[in-house]
Amino acid sequence: LYLKFRSVSCCPPSLKGIEYEQKAVNLIKDGGQQLTDQFKAINPMQQVPAVTIDGITLSQSLAIIQYIEETRPEPRLLPADPKQRGQVRIICDIIASGIQPLQNLYVL
């Protein structure tokens with residue numbers, strides 16, 4: 001799991017009991033470690049988070065969370081009740097689309 005240096009976001013693997021190796025990617029050091037050819041081979045978009053799981057590499061927090069939830073349904077990350085799941089997804093979309101982009105380097 002490749003995460004922004006000092007980030008604790010996108011931790012579904014640990015919540016699901018999945019063992020994983022965490023690799024910090026410093027977005028500023030050396031001009032941005034996410035911009036290296038080595039990282040571009042992992043994620044051509046050169047963004048974090050990114051995770052390699054089941055032979056594929058996924059990026060974007062919500063896509064990672066949804067894949068892990070769909071392929072490893074227990075324990076649940078989302079409520080069983082569809083109305084409550086809808087509320088959780090609203091909060092996730094607000095963060096992913098409204099708040100988080102304003103903190104990203106490519107926007108700044």
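Residues numbered from 1 in each chain as written. Predicted model: local features only at pLDDT ≥ 70, side-chain atom pairs only at ≥ 80, totals over all residues. Heavy atoms only, no water.

The chain appears in an unreviewed UniProt entry as Glutathione S-transferase zeta from Carassius auratus.

**Looking at the pairing of strand β3 (residues 50–53)**
In terms of strand pairing, β3 meets strand β4 (residues 56–59) through four bridges, oriented antiparallel. Along β4, the bridge assignment pairs V51 with L58. Between β3 and the antiparallel strand that follows it, β4, lie two residues; D54 among them carries a positive phi value of about 55°. (Pairing = 2+ DSSP bridges. Helix = DSSP H or I, 4+ residues; strand = E, 2+ residues; numbered from the N terminus.)

**So, the environment of P44**
Within the fold, P44 resides in the loop between α2 (37–42) and β3. Among the residues examined, P44 registers a relative accessible area of 59% and is labelled exposed. (Buried < 20%, exposed > 50% of the residue type's maximum accessible area, 1.4 Å probe, protein only.)

**Considerations on the environment of Q66**
Structurally, Q66 is set in helix α3 (residues 61–71). For Q66, a relative accessible area of 43% gives the class partly exposed. Residues Q66 and L78, spaced twelve residues apart in sequence, show a C-alpha to C-alpha distance of 9.6 Å.

**Description of the nonpolar core**
I18, V51, I53, L58, I64, Y67 and I68 form the largest nonpolar core, which has seven residues in total. Breaking this core down by element, the ones donating at least two residues are β3 and α3. Among the elements that line this core, the one with the most residues is α3, at three residues. (Core = buried A, V, L, I, M, F, W, Y, C linked by side-chain atoms within 4.5 Å.)

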